[in-house]
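# Architecture and fold: a report
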Amino acid sequence: MWKWLHPYANPEVSYHFTGKLIPWFAVISAILLTVGLGMGLLFSPADYQQGESVRLFYLHVPAAMLSMGLYLGMAIAGLTALVWQMKLAESSIAALAPVGATFTAIALLTGAAWGKPMWGAWWVWDARLTSELILLFLYFGVMALQNAFEDKALAGKAASILALVGVINLPIIHYSVEWWNTLHQGATVSKFEKPSMSIDMLRPFLISLFGFAFLAGTLVCMRFRADIIERNSMRPWVKALAKEHN
Amino acid sequence: MAFDSFSEFLNMGGYGFYVWLSYGFTALLLVLLTLNSKGKDKRIFKQINKRLKREEKLKQVAKRNAKQDT
Amino acid sequence: MQLSYRRAFSTILKRDLVIAFRHRDDILNPILFFIIVVSLFPLGVGPAANTLMKIAPGVIWVAALLSTLLSLERLFKHDYNDGSLEQLLLMPCPTFVLVLAKITAHWLITGLPLIIIAPFLGVLLNLNQDSYVALMLSLLLGTPVLSLLGAIGVALTVGLKKGGVLLSLLVLPLYIPVLIFATGAIDAASMNLPYNGHLAIIAALFFGSLTLAPFAVGSALKVSTN
């Protein structure tokens, strides 16, 4: 497997490889999102308690799952960057952070818009929403640290360390927030349960989850490529590419 | 089909505002991020080209100066 | 030459304490900040004794977080600026000894005074009679965690010109579990409930960060000094 992976450690090879992936990912995500969200909006049944507002589920839950998954991916990239000194892993952290932060923001906004009709308030200090908010802060921290360094190589290493520290803390933060929430459970908050998933809901949900995942993949690949050429801007192959773009 | 008419679809059983607000926000954020990501490598190529041009100019000036000196 | 860990530790600890006592404002200012922030709350919220009693644990702990944050920068900044940090990193002993010594010094200078001052601020905020022991114990176990986690943030930002605001952005989210369990312990004590569970969790956080944070700080310092 190492022999097979080895060539992709070369920035030029992975630049061209991800370039080939992008159109495929984009088309797959467009198809899956159209089908999944279309099924969710038009054909899936309304919830007997939450009515039609349950159609937010197909946005909120995939976004929340991806926001956590992308952070985990970032931490794995950080570990790779620190242990195997792989420069490309640093590029992928730079690419993953803004995409993950956007999905976190989407999860927060859709959560607020779902909370207003269900709870009667735009923001409720619910355990899941609070965890998402803190996750957003962690993403902002990684992005801010990365932008603060002039030297790209240093920025990558610092961001790797922070991503690892963050991922160790994330479960601790998550469980402490959950515990805190059960302690301070207000009387007015009627906790809304996870809709019990029928097959009619599961199908559009899974399709849109994969659609969003492929969309995230497309965006990450785009940013990854941009970061590679920024880091390698002195290399002849990048200069040649730049002349083509003139 | 869960809805009988288009206006019912827009209304979303009274939750239309919240549902469409969320879908709108999501679409807006993702479109912005896509545009930003798509333009990023072009911006960087532009910077590299600018730098290359500047280097080229400096080289020519240095050459000219060297000629004048001899 | 191999320095024994204990000697290296005590030498650096002594050095940092001596330097700190020569710059007394650095010790005093965060404590003054702590006192002033806490005394602003009654002015903002109103002097009703019941409200103050309710918010006291949270206010004292949030103020403690902020004043620790203020004092964090001096953990490595002076040494970085005059170049002695690089020399210290070259010492013939593992980095975590150096890091632990510096963090211990930092805690002695900023954490310990907070613990001593906190009961007086509790009086100002009309803290519940039964909560004082819990307040002291939670601070005793919690402030070292703040120093340890904060050191990671400082080590990452020490090489930057404008590290101050960035530091708070990096460190404050990591402080949330300590804040939650510490205030939980004080609240439980005010209701005469057992709070040793909360303290046990803070102690677990302390030992976890004590074992892991020095390594993160060490590698971050290597990145920053480059």
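Details of the structure are given in the entry above.
A brief report on the enclosed structure follows. (Residues numbered from 1 in each chain as written. Chains lettered and ligands numbered in written order. Predicted model: local features only at pLDDT ≥ 70, side-chain atom pairs only at ≥ 80, totals over all residues. Heavy atoms only, no water.)

### With respect to helix α2 (residues 16-69) of chain B
The condition that has to hold: Runs of H or I in DSSP of at least four residues are treated as helices and runs of E of at least two as strands, each being numbered from the N terminus. An expected span of 1.5 Å times one less than the residue number is assigned to each helix. One axis is fitted to the seven residues ending at the residue and one to the seven starting there. The bend at that residue is the angle between these axes.
Its 54 residues give α2 of chain B an end-to-end C-alpha distance of 78 Å, which sits within 8% of 80 Å, the value for a rise of 1.5 Å per residue. At Lys 40 of chain B, α2 of chain B is deflected by roughly 35 degrees, the largest bend along its length.

### Quick look at unusual backbone geometry
Trans is the prevailing form of peptide bonds, just as negative phi is the prevailing case for residues other than glycine. Phi is positive for Gln 85 of chain A, close to 55 degrees, though the residue is something other than glycine. Position of Gln 85 of chain A among the secondary structure elements: in the loop between α3 (57-83) and α4 (87-119). We note that Asn 192 of chain C has phi near 60 degrees; this positive angle belongs to a residue other than glycine. Relative to the elements of secondary structure, Asn 192 of chain C occurs in the loop between α8 (163-190) and α9 (196-225).

### Some points on the interface of chain B and chain A
In many reports, interface size means the accessible area that the parts give up when they come together. Applicable threshold: Note on definitions: a residue-residue contact is assigned when non-hydrogen atoms from the two residues lie within 4.5 Å. Accessible area, probed at 1.4 Å, shrinks when two parts are joined; the buried area is that loss added up over both. Any Lys or Arg side-chain nitrogen found within 4 Å of a carboxyl oxygen on Asp or Glu counts as a salt bridge. Polar contacts, as counted here, are pairs of nitrogen or oxygen atoms within 3.5 Å of one another; within protein the pair requires one atom able to donate a hydrogen and one able to accept it, and residues that are adjacent in sequence qualify only if both atoms are side-chain atoms. Note on residue classes: Ala, Val, Leu, Ile, Met, Phe, Trp, Tyr, Cys and Pro are nonpolar, Asp, Glu, Lys and Arg are charged, and everything else, Gly too, is polar.
On the chain A side, the residues contacting the 32 residues of chain B number 45 residues. Across the chain B to chain A interface the summed buried area is about 3500 Å²; carbon plus sulfur atoms make up 75%. Our count for the chain B to chain A interface comes out at zero salt bridges. There are five residue pairs in polar contact (both at pLDDT 80 or more) connecting chain B and chain A. It is α2 of chain B that provides the largest number of residues to the side of chain B that touches chain A, a total of 25 residues. Among the residues making up the side of chain B that touches chain A, the classes are represented as 20 nonpolar, seven polar and five charged.

### Overview of the packing of aromatic side chains
Convention followed: Here a pair means two rings of Phe, Tyr or Trp (six-membered ring of Trp) with centres within 6.5 Å. Their orientation is stacked below 30 degrees between planes, edge-to-face above 60, and tilted elsewhere. Each residue is assigned to one of three classes by its accessible area relative to the maximum for its type, calculated with a 1.4 Å probe on protein chains only: buried under 20%, partly exposed between the two thresholds, exposed over 50%. By definition here, charges over rings are those cases where NZ of Lys or CZ of Arg is within 6 Å of the ring centre and within 35 degrees of the ring normal.
Considering all chains together, one arrives at 15 aromatic pairs over all chains under this definition. With 5.7 Å between their ring centres and 85 degrees between their planes, Phe 57 of chain A and Tyr 58 of chain A make a pair best called edge-to-face. Just as Phe 57 of chain A is buried, Tyr 58 of chain A falls in that class too. Measuring from centroid to centroid gives 5.9 Å for Trp 20 of chain B and Tyr 23 of chain B, while their planes differ by 55 degrees, and the two rings are tilted. Taken together, the residues span about one helical turn, with Trp 20 of chain B and Tyr 23 of chain B both in helix α2 at a distance of three residues. Taking relative accessible area as the criterion, Tyr 23 of chain B reaches 11% and is therefore assigned buried. The ring of Tyr 15 of chain A is capped by Arg 225 of chain A, whose NZ or CZ atom sits 4.2 Å from the centre of that ring.

### As for the interface of chain C and chain A
Counting from both sides, the interface comprises 22 residues of chain C and, opposite them, 23 residues of chain A. Interface area, chain C with chain A, both sides summed: about 2000 Å², of which 87% is carbon and sulfur. A per-residue breakdown of the area chain C buries against chain A is headed by Leu 156, Ile 180 and Val 223 of chain C, which together make up 26% of the total. Put simply, chain C and chain A have zero salt bridges between them. For the interface between chain C and chain A, the tally reads zero residue pairs in polar contact (both at pLDDT 80 or more). Listing elements by their share of the side of chain C that touches chain A, those giving two or more residues are α7 (132-157), α8 and α9 of chain C. Tallied by class, residues from the side of chain C that touches chain A come to 16 nonpolar, five polar and one charged.

### So, the pattern of salt bridges
Charged atoms that come close allow side chains of opposite charge to pair. Applying the stated criterion across every chain, the model contains nine salt bridges over all chains. A salt bridge links Lys 152 of chain A to Asp 227 of chain A; its shortest N-O distance comes to 3.2 Å. Here the residue Lys 152 of chain A occupies a position in helix α6 (residues 152-183), and Asp 227 of chain A occupies one in helix α7 (residues 199-231), the gap between them amounting to 75 residues. On the accessibility criterion, Lys 152 of chain A (29% relative accessible area) is partly exposed. On the basis of relative accessibility, which here comes to 1%, the residue Asp 227 of chain A falls in the buried class. A salt bridge links Asp 16 of chain C to Arg 15 of chain C, with the nearest nitrogen and oxygen atoms 2.9 Å apart.

### Things to note about the environment of Lys 87 of chain A
Following the sequence through the fold, Lys 87 of chain A ends up in helix α4. Taking the C-alpha atoms as reference points, Lys 87 of chain A and Lys 157 of chain A, 70 residues apart in sequence, are found 9.1 Å from one another.

### What to know about α6 of chain A
Residue and element names in this part refer to chain A. With 32 residues, α6 extends 44 Å from end C-alpha to end C-alpha; this agrees with the ideal 46 Å at 1.5 Å per step. Of all the bends in α6, the largest measures some 35 degrees and sits at Asn 169, one to four residues before the proline Pro 171. Looking at where α6 begins, the residue whose side-chain oxygen comes 3.0 Å from the main-chain nitrogen of Ala 153 is Asp 151.

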